[in-house]
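Tertiary structure, described
Take a look at the letters that make up each chain.
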Amino acid sequence: QVQLVESGGGLVQPGGSLRLSCAASRTGFIFSKMDWYRQAPGNQRELVAGITYRGSTNYADSVKGRFTISGDFAKNTVYLEMNSLKPEDTAVYYCNFLGRWNQNNYWGQGTQVTVSS
């Protein structure tokens, strides 16, 4: 069973930056897409950013120009660089990987990001 481990969350002031990481317990080209989601209290989980093994990226409108996703599909690691953070970015952030051959979805345990002065 593949496990995803996230790191990099924390408390940051508005306007600050954080870098999230998510790594799978297995290497090799076994995923076709790696995404970041977030869920704030009382809200549904939403897609923040995604990257495919071909290098295509997509972003939620609310984070365009501020967040950058990057990934290594050989090492099965994805990053989310978050700049100009706002209080409304406060949420638990989850990584999600899509299995390239079995189409399974794998989730990380979540990492808390809090933007507050």
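Read on for an overview of the structure. This one's a predicted model, so the numbers in the text were calculated from it and none came from an experiment.

Time to look at the overall build of the protein chain. Helix and strand counts for the protein chain stand at zero helices and eleven strands. Relative to the 2.2 N^0.38 estimate, which gives 13 Å for 117 residues, the radius of gyration of the protein chain is 14 Å and therefore close to what a compact globule would have. With respect to the principal axes defined by its C-alpha atoms, the protein chain has extents near 45 × 25 × 20 Å. Counting only residues that meet the buried cut, the protein chain has 43% of its 117 residues in that class. In the structure as shown, the protein chain presents an accessible area of about 6200 Å², 46% of it carried by carbon and sulfur atoms. For the protein chain, the distance from the average position of its 11 positive side-chain charges to the average position of its 8 negative side-chain charges is 7 Å.

Attention now goes to the state of the cysteines. Applying the stated criterion across every chain yields a total of one disulfide. Across the disulfide, C22 is cross-linked to C95 (sulfur-sulfur distance 2.0 Å). Judged by the torsion about the S-S bond (55°), the C22/C95 disulfide is right-handed. Of the two residues, C22 is situated in strand β3 (residues 18-24) and C95 in strand β9 (residues 91-99); the sequence distance between them amounts to 73 residues. The pair C22 / C95 is uniform in exposure class, with both members buried.

Summed over the entire model, instances satisfying the criterion amount to four aromatic pairs. Consider the rings of F31 and Y106, whose centres lie 5.7 Å apart with planes at 80°: the pair is edge-to-face. Note that F31 is positioned in strand β4 (residues 31-39) and Y106 in strand β10 (residues 105-107), a separation of 75 residues in sequence. The burial state of F31 is the same as that of Y106; both residues are buried. Both rings, one in Y94 and one in W107, keep their centres 6.4 Å apart while their planes meet at 85°; by these two values the pair is edge-to-face. A residue pair is termed long-range when its members are at least 10 positions apart, and Y94 in strand β9 and W107 in strand β10 qualify at 13 residues. Its relative accessible area of 37% is what places W107 among the partly exposed residues. Linked through ring pairs, F31, F97 and Y106 together constitute an aromatic cluster.

Here is what the cut-offs are and how they apply
Residues numbered from 1 in each chain as written. Predicted model: local features only at pLDDT ≥ 70, side-chain atom pairs only at ≥ 80, totals over all residues. Heavy atoms only, no water. Helix = DSSP H or I, 4+ residues; strand = E, 2+ residues; numbered from the N terminus. Rg over C-alpha atoms; globule rule 2.2 N^0.38 Å. Buried < 20%, exposed > 50% of the residue type's maximum accessible area, 1.4 Å probe, protein only. Areas by Shrake-Rupley, 256 points an atom, 1.4 Å probe, with all protein chains shown as cover. Lys, Arg positive; Asp, Glu negative; His and termini not counted. Charge placed at Lys NZ, Arg CZ, Asp CG, Glu CD. Disulfide = S-S within 2.5 Å. Phe/Tyr/Trp six-rings, centres within 6.5 Å; stacked < 30°, edge-to-face > 60°.

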